[in-house]
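# Notes for the structure review
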Amino acid sequence: MLIRQGALAPVEIAALEDISTPHGSGLAAMDYEKSKGADAMADLWAYVKQEVRL
């Protein structure tokens, strides 16, 4: 199981076009105000910042 390798982020990242499409322009879902994936990505980065104590 993956959990045996280390901590897992408690955030589910859905397979949305809003997340993958901006990458072609060098952007991220968070760069678009109305992106459906922006909240999930913001939650993920908040978790990462907490884990690395930033």
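Just above sits the structure.
So, a few notes on the structure that sits alongside this text. Model, not experiment: these values are computed from the prediction. (Residues numbered from 1 in each chain as written. Predicted model: local features only at pLDDT ≥ 70, side-chain atom pairs only at ≥ 80, totals over all residues. Heavy atoms only, no water.)

## What to know about the overall build of the protein chain
Defined as follows: Helix and strand assignments come from DSSP, with helices taken as H or I runs of at least 4 residues and strands as E runs of at least 2, each series counted from the N terminus. The globule rule is 2.2 Å times the number of residues to the power 0.38, and the radius of gyration it is compared with is taken over C-alpha atoms. Each residue is assigned to one of three classes by its accessible area relative to the maximum for its type, calculated with a 1.4 Å probe on protein chains only: buried under 20%, partly exposed between the two thresholds, exposed over 50%.
Helix and strand counts for the protein chain stand at two helices and zero strands. Its C-alpha radius of gyration of 13 Å places the protein chain more than 25% over the 10 Å reference for a compact globule of 54 residues. Counting only C-alpha atoms and orienting by the principal axes, one finds that the protein chain spans roughly 35 × 25 × 15 Å. Residues classed as buried in the protein chain amount to 17% of the 54 residues present.

## A closer look at the environment of M1
Residue position: M1 is located in the segment before helix 1 (17-20). Assessed through its relative accessible area of 73%, M1 is described here as exposed. C-alpha separation for the pair M1 and W45, spaced 44 residues apart in sequence, amounts to 24 Å.

## Let's talk about a nonpolar patch on the surface
Using the following cut-off: Patch building starts from residues that exceed 30% relative accessible area and form no salt bridge, then joins like charges within 9 Å and nonpolar side chains (Val, Leu, Ile, Met, Phe, Trp, Tyr) within 5 Å. Note on areas: Shrake-Rupley with a 1.4 Å probe; residue coverage comes only from the protein chains shown. Here a salt bridge means any side-chain nitrogen of Lys or Arg lying within 4 Å of a carboxyl oxygen belonging to Asp or Glu.
A cluster of nonpolar side chains, M1, L2, I3 and L8, forms an exposed patch at the surface whose accessible area comes to about 460 Å². With respect to the element layout, L2 can be found in the segment before helix 1. Given a relative accessible area of 58%, L2 falls into the exposed group.

Take it as geometry only, folks, not as evidence of what the structure does.
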